[in-house]
Amino acid sequence: MATETLTAAATAGGVGPRRRSGGIRSNENLAGWLFVAPVIVILGLFLLLPILMALWVSLTDWNGQGSPFTGDVPFVGAHNYTQLFTEDGLARRDFMTSIRNNIYYVAIVVPAQTVLALGLALVVNNRMLKGKSFFRSAFYFPSVTSSVAISVVFLFLFANSGAVNALLGFLGIDGPEWFADSRGVLHLLFGAVGVDSPPAALADGGPFGLTWWDWLAGPSVAMISIITLVVWTTSGTFMLMFLAGLQNVPVTLDEASTLDGASRWQRFRYVTVPMIRPTTFLVLTLGMIGSWQVFDQVYVMSQGDPAKTTLTPAYLSYRTAFRDFDYGSGAAISFVLFLIIIVLTVIQRRALAERDTDRPRRGRWRRRVPERS
Amino acid sequence: MAVLTDRPAAAPARRQQHAARTLATRFLGYATLVFFGLVFLYPFVIQIGNALKTEPDAAANPLSPFPDPLTLAGFERIFAGTNFPLWLGNSLLVTVLVTIGRVFFDSLAGYALARLRFAGRGGLFAAVIAVMAVPGVVLLIPKFLVLNQLGLYNSYAGLVVPLLADAAGVFIMKQFFESIPVSVEEAARIDGASIFRTFWSVVLPMAKPALITLTILSFQGSWNEFPHSLVSVQDPDLFTLPRGLADLVSGSLGKGTQYPLKLGAALLATIPVAIIFVVFQRYFVRDANDGSDKG
């Protein structure tokens, strides 16, 4: 069987001379496995095995005492999952609050970082400007720094007497107490038009144990500061991706459209945007995948407070397991989050695979050749 | 962007108008660059300035980068009043071990997946791609479970061993090895060199750019690594820098906000990565662009 696979691989590889040198390659089977063995052991032991263990724990009520793999640990079946969705109670309310918070977070972070990254890439890609590489590095630098260290800086910037409020003060605005302010931004907007308390229709009866009024809160003021931090740190990375995409837009095409009398906006709208559509898609999906994983910033800056408005599923799963010692529930939350992220990843990879098979036809100008196998 | 200059057909009037527009574009371009340059760099300037201030000064003038009076008290307290030196040592140890491990193990596996023909190779590569999609944050509880079960919880081994290999690194190395011409190593093999010998003395030296990229990424990744230390240790003697920093912020300092101290500690934790970024910038940029390829 092994030889079959080998021949198949060799044929599939399609490199002629290799087949002749079979004598040299005879011990490659053993060597190959020895070479990959350390990686297999480490990833198997600390990635695959733990996922299976957590799957088991999510079906139990293990409280952290002793080993979760003995008969003493109460097996509860799917209860840890059902209490997140169907049973009214604190667990569901917290979980749904965290989902709501993260949805608003994604809804702001993803568009904001995409637009900012594209804008920065367009400016940095401008051939008439000097010193671009300095600015490119400056925009990218926050992306490589420690999320914890940068969160400390933003804690200071958004402190009550911090830089952001000082800046707002120059503009005559009285800044909020960012990390103590649990008011939802949408609620504040409703309040601005005179709707301060929930209308009767929204006061109760929303899905999954939260009222419609709660679902419509919008991100809290505290969450806005975390959103600002994340957009600020991630835009640089996505800017580099857009830059790579922009460099694939042939200059001749841009010049041709200029000759045809296209305005700058028309060139952007009808030449640049369509040409970088694959990159845009990549940035949007990577952004969504990343935004569901926000953890470090929440841990350092707010720990889910104020009033649970910066709680995210990732942080909630950590808190449920390691602070409340309810490892089963925590693991169940992790797996729901896992599912959300995997669905997004599958959508992304599908679309990228389609784009790659499309490429030879319409991607004549692309300098990169996909090496995916 | 692509405003063309010296178009022979253009009438003089149009050319003049054109030149004015070019100038305006350029001005607007620089204004945007400088504005965003400030947005992205000024927080670091504020951080450095305020780390050197007294606490009342930092509270009163948070926007000013100039300390008045300038004081090193914050830094003195970092070294005298916190476990910072210990965290620094732990971080160095973990980072060095993890970087060495990743570069070595990822290259070995990347080479095997790129060049060696063995049963199950295709399946293994598919597994590597699948593993890259597993989000780190959902592994918090799982990692704790396995470390606990293996008796590695609260130990240096627990901090280091799980990070010794990563799928993305294997992927980078495999892609690079595939781009090296196969003829050189075939010559070595025909001369009777063993597979490992060929890999070690012929292929690896040619893979220097990829090795540098991987070294930098591993260094940066493990130096900044936070969630893993959160679930693998709880003994303060085993804290790494990000963990210690998070601990400082969440109130282990006691009285006052002590922002100069916190900003200083965060600054010291950022410096090594900043130096590497400045020196090896192009390798960072390469990585981000690879990212757009691998998806």
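Source: prediction; values computed, not measured.

Conventions adopted
Residues numbered from 1 in each chain as written. Chains lettered and ligands numbered in written order. Predicted model: local features only at pLDDT ≥ 70, side-chain atom pairs only at ≥ 80, totals over all residues. Heavy atoms only, no water. Helix = DSSP H or I, 4+ residues; strand = E, 2+ residues; numbered from the N terminus. Buried < 20%, exposed > 50% of the residue type's maximum accessible area, 1.4 Å probe, protein only. Contact = heavy atoms within 4.5 Å. Areas by Shrake-Rupley, 256 points an atom, 1.4 Å probe, with all protein chains shown as cover. Buried area = accessible area lost by both parts, 1.4 Å probe. Salt bridge = Lys/Arg side-chain N within 4 Å of Asp/Glu carboxyl O. Phe/Tyr/Trp six-rings, centres within 6.5 Å; stacked < 30°, edge-to-face > 60°. Lys NZ or Arg CZ within 6 Å of the ring centre and 35° of its normal. Core = buried A, V, L, I, M, F, W, Y, C linked by side-chain atoms within 4.5 Å. Domains from an automatic or database assignment. pLDDT = per-residue confidence, 0-100. Patch = residues over 30% accessible without salt bridge, like charges linked within 9 Å, V, L, I, M, F, W, Y side chains within 5 Å. Axes fitted to C-alpha atoms, helices over the stretch in contact; angles between N-to-C directions. Parallel < 35°, antiparallel > 145°, perpendicular 65-115°, else oblique. Nonpolar A, V, L, I, M, F, W, Y, C, P; charged D, E, K, R; others polar. Polar contact = N/O pair within 3.5 Å; in protein donor to acceptor, adjacent residues only side chain to side chain.

To continue, consider the overall build of chain A. Helix and strand counts for chain A come out as 18 helices and zero strands. Per-residue burial for chain A yields a buried fraction of 49% across its 373 residues. Here the analysis covers contacts within chain A between residues at least 6 apart in sequence; of these, 67% occur between residues at least 24 apart.

When its secondary structure is counted, chain B shows 15 helices and zero strands. Classification of the 295 residues of chain B by burial places 53% in the buried group. Of the contacts formed within chain B by residues at least 6 apart in sequence, a portion of 69% connects residues at least 24 apart. Carbon and sulfur atoms form 66% of the exposed surface of chain B, whose accessible area is close to 12500 Å².

A word on the interface of chain A and chain B. Each partner contributes to the interface: chain A provides 111 residues, whereas chain B provides 109 residues. For the pair chain A and chain B, the summed buried area comes to about 10100 Å², and 73% of that belongs to carbon and sulfur atoms. Inspection of the region where chain A meets chain B yields one salt bridge. A salt bridge links R189 of chain B to E28 of chain A, with the nearest nitrogen and oxygen atoms 3.6 Å apart.

A few words on the pattern of salt bridges. In the structure shown here, the tally under the stated rule is eight salt bridges over all chains. Among the salt bridges present, the one from D88 of chain A reaches R92 of chain A, with a minimum N-O distance of 3.6 Å. Judged by its relative accessible area of 61%, D88 of chain A falls in the exposed class. R115 of chain B is paired through a salt bridge with E185 of chain B; the nearest N and O atoms lie 2.1 Å apart. Residue R115 of chain B is found in helix 4 (residues 84–115), and its partner E185 of chain B is found in helix 9 (residues 183–190); the two are separated by 70 residues along the sequence. One network of salt bridges, with partners in common, ties together D94, K308 and R319 of chain A.

Given two aromatic rings, their pairing is described by the distance between the two centres and the angle made by the two planes. Tallied over the full model, the rule gives 45 aromatic pairs over all chains. Seen from their ring centres, W232 of chain A and F40 of chain B are 6.1 Å apart, and the 10° between their planes marks the pair as stacked. With one member in each of two chains, W232 of chain A in helix 12 (residues 221–246) and F40 of chain B in helix 1 (residues 12–51) form a pair that bridges those chains. The burial state of W232 of chain A is the same as that of F40 of chain B; both residues are buried. Members of the aromatic cluster, joined through ring pairs, are F134, F135, F139, Y140, F141, F154, F158, W178 and W232 of chain A together with F40, F44 and F277 of chain B. The lysine or arginine in question, K262 of chain B, covers the ring of Y259 of chain B, its NZ or CZ lying 5.1 Å from the ring centre.

Ranked by size, the top nonpolar core spans 182 residues in total, and within it Y105, F139, F295 and Y299 of chain A together with F177 and L245 of chain B carry the most contacts. No fewer than three residues from each of domain 1 (12–71) and domain 2 (83–294) of chain B sit in this core. When residues no more than four places from it in sequence are discounted, the contact partners of L245 of chain B are V148, A149 and V152 of chain A together with W87, A265, A266 and A269 of chain B.

Further remarks concern the confidence of the model for chain A. Residue and element names in this part refer to chain A. Overall, the predicted model of chain A reaches an average pLDDT of 81, with 88% of residues at or above 70. Low pLDDT (under 50) marks residues 1–22, which in the prediction has 13 contacts with non-local residues, meaning those over four places away or in another chain. Within the model, the stretch residues 360–373 combines pLDDT values under 50 with 25 contacts to residues more than four positions away or in other chains.

We now examine a nonpolar patch on the surface. Residue and element names in this part refer to chain B. On the surface, I271, I275, V278, V279 and F280 cluster together into a nonpolar patch covering about 450 Å² of accessible area. Following the sequence through the fold, V278 ends up in helix 14 (residues 259–279). Judged by its relative accessible area of 59%, V278 falls in the exposed class.

Residues and elements named next belong to chain B. One way to put it is that helix 4 packs onto helix 10 (residues 195–206) with a least axis distance of 12 Å and a crossing angle of 105°. Considering their axes alone, helix 4 and helix 10 lie roughly perpendicular with respect to each other. Packed against helix 4, whose contacting residues are F104, S107, L108 and Y111, the element helix 10 presents F196, F199, W200, V203 and L204 at the interface. Each residue belonging to the contact of helix 4 with helix 10 can be placed in one class, and the counts come to eight nonpolar, one polar and no charged.

This part is about the side chain of S291 of chain A. All names here are of chain A. Position of S291 relative to the elements: it lies in helix 15 (residues 277–291). The buried category is assigned to S291, whose relative accessible area is 4%. Within polar-contact distance, the side chain of S291 engages the backbone oxygen of G287 at 2.6 Å. Apart from the residues lying within four places of it in its own chain, the contact partners of S291 are N102, Y105, V106, V109 and V110.

Here the focus is unusual backbone geometry. Between D305 of chain A and the following residue, P306 of chain A, the backbone shows a cis peptide bond with an omega angle of -10°. Secondary-structure assignment places P306 of chain A in the loop between helix 16 (296–301) and helix 17 (313–322). With an omega dihedral of 0°, the bond running from D68 of chain B to P69 of chain B counts as a cis peptide bond. Tracing the backbone through its elements, the reader meets P69 of chain B in the loop between helix 2 (55–60) and helix 3 (73–81).

With 10 of 10 residues buried, helix 17 of chain A is to be regarded as a mostly interior element. Those residues of helix 17 of chain A not exposed but buried are P313, A314, Y315, L316, S317, Y318, R319, T320, A321 and F322 of chain A.

All names here are of chain B. Relative to the elements of secondary structure, S91 occurs in helix 4. Engagement of the side chain of S91 in a polar contact is seen with the backbone nitrogen of L241, the distance being 2.9 Å. If we skip the residues at most four places from it in the chain, S91 touches W223, T240, L241 and P242.

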